[in-house]
Amino acid sequence: MSSNRFGCAVVSVLAAAIVVPLFLNAVANHRLLTLRSTCVQHLRNISVVFEAYRESHSLSNYPPRLSAINWTSSSVTDLVCPGSRVQVGSTSSVDEWTDYIYIVDLSGRRAPDTPLLLCPPANHYGREGCLLYSDGFTRCMWQPEFDRLVDELYANTNLAIAVSETLTKRSEGRYRSRRCPGRG
Ligand SMILES: [Zn+2]
């Protein structure tokens, strides 16, 4: 091999070593962004269902558990994050399989910064979690910040936290139900 061709080969290998990781990183970021936007859309759809439920029941608070809502065959699919492999189960037992975490404020005075639903990082390649607040606002945050928020929510004794058995198993016990009305 001439020194010229050898030089070209070295340059090609170096270029590949730089470009391939950049490309893979761009693909991973694109997948995360696509997933985030679909998950956030699910959360917004659920927010609309919540508000319709509250309006029809003249409730100032939210339902005690997700299965209190009469989910339709189309709205029930929003209870699965597109980043998880959970199968949509029976509409009568959404509490057992949804992979969103439902926060119930037992005091009846929900603080504006207390989330209503959480989608944990397990559904987003372990990188970020997304939240829905009661005013319909949604937000996604990186995993360390999300974990800190979850710890704060578990420390707040006014909150009941509903986690499906499926998600408790998938998260190896990181997320567990606590004081869920009607579920013990
Ligand atoms: Zn999600």
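Located above this text is the structure these notes cover.
Residues numbered from 1 in each chain as written. Predicted model: local features only at pLDDT ≥ 70, side-chain atom pairs only at ≥ 80, totals over all residues.

Peer 1: How do you make sense of the sheet that holds strand β2 (residues 115-119) when you look at a structure like this?
Peer 2: The strands that make up a sheet are held in pairs by hydrogen bonds between backbone atoms, and each pair lies either parallel or antiparallel. The sheet built from five strands is open, its strands ordered β4-β3-β2-β1-β5 with antiparallel pairing. Sheet topology places β4 (138-142) and β5 (159-162) at the edges, where each strand pairs with a single neighbour. Ignoring strand direction, the axes of neighbouring strands in this sheet form an average angle of 20°. Looking at chain direction, strand β1 (residues 101-105) and β5 are connected through four bridges and run antiparallel. Note on β5: the bridge partner recorded for Y102 is A162. Against the sheet, helix α1 (residues 3-56) engages β2, β3 (128-133) and β4, with an angle of about 20° to β3. (Pairing = 2+ DSSP bridges. Helix = DSSP H or I, 4+ residues; strand = E, 2+ residues; numbered from the N terminus. Axes fitted to C-alpha atoms, helices over the stretch in contact; angles between N-to-C directions. Contact = placed C-beta atoms within 7 Å.)

Peer 1: What is the right way to look at α1 in this model?
Peer 2: Think of an α-helix as turning once every 3.6 residues; residues three or four places apart then point the same way. With 54 residues, α1 extends 80 Å from end C-alpha to end C-alpha; this agrees with the ideal 80 Å at 1.5 Å per step. Within α1 the residues assigned to the buried category are L35, C39, H42, L43, I46, S47 and F50. The positive-phi residue at the C-terminal boundary of α1 is S58, with phi of around 50°. (Expected span 1.5 Å × (residues − 1). Buried ≥ 20, exposed ≤ 12 C-beta atoms within 10 Å, placed from the backbone.)

Treat this as a map of the structure, not an account of what it does.
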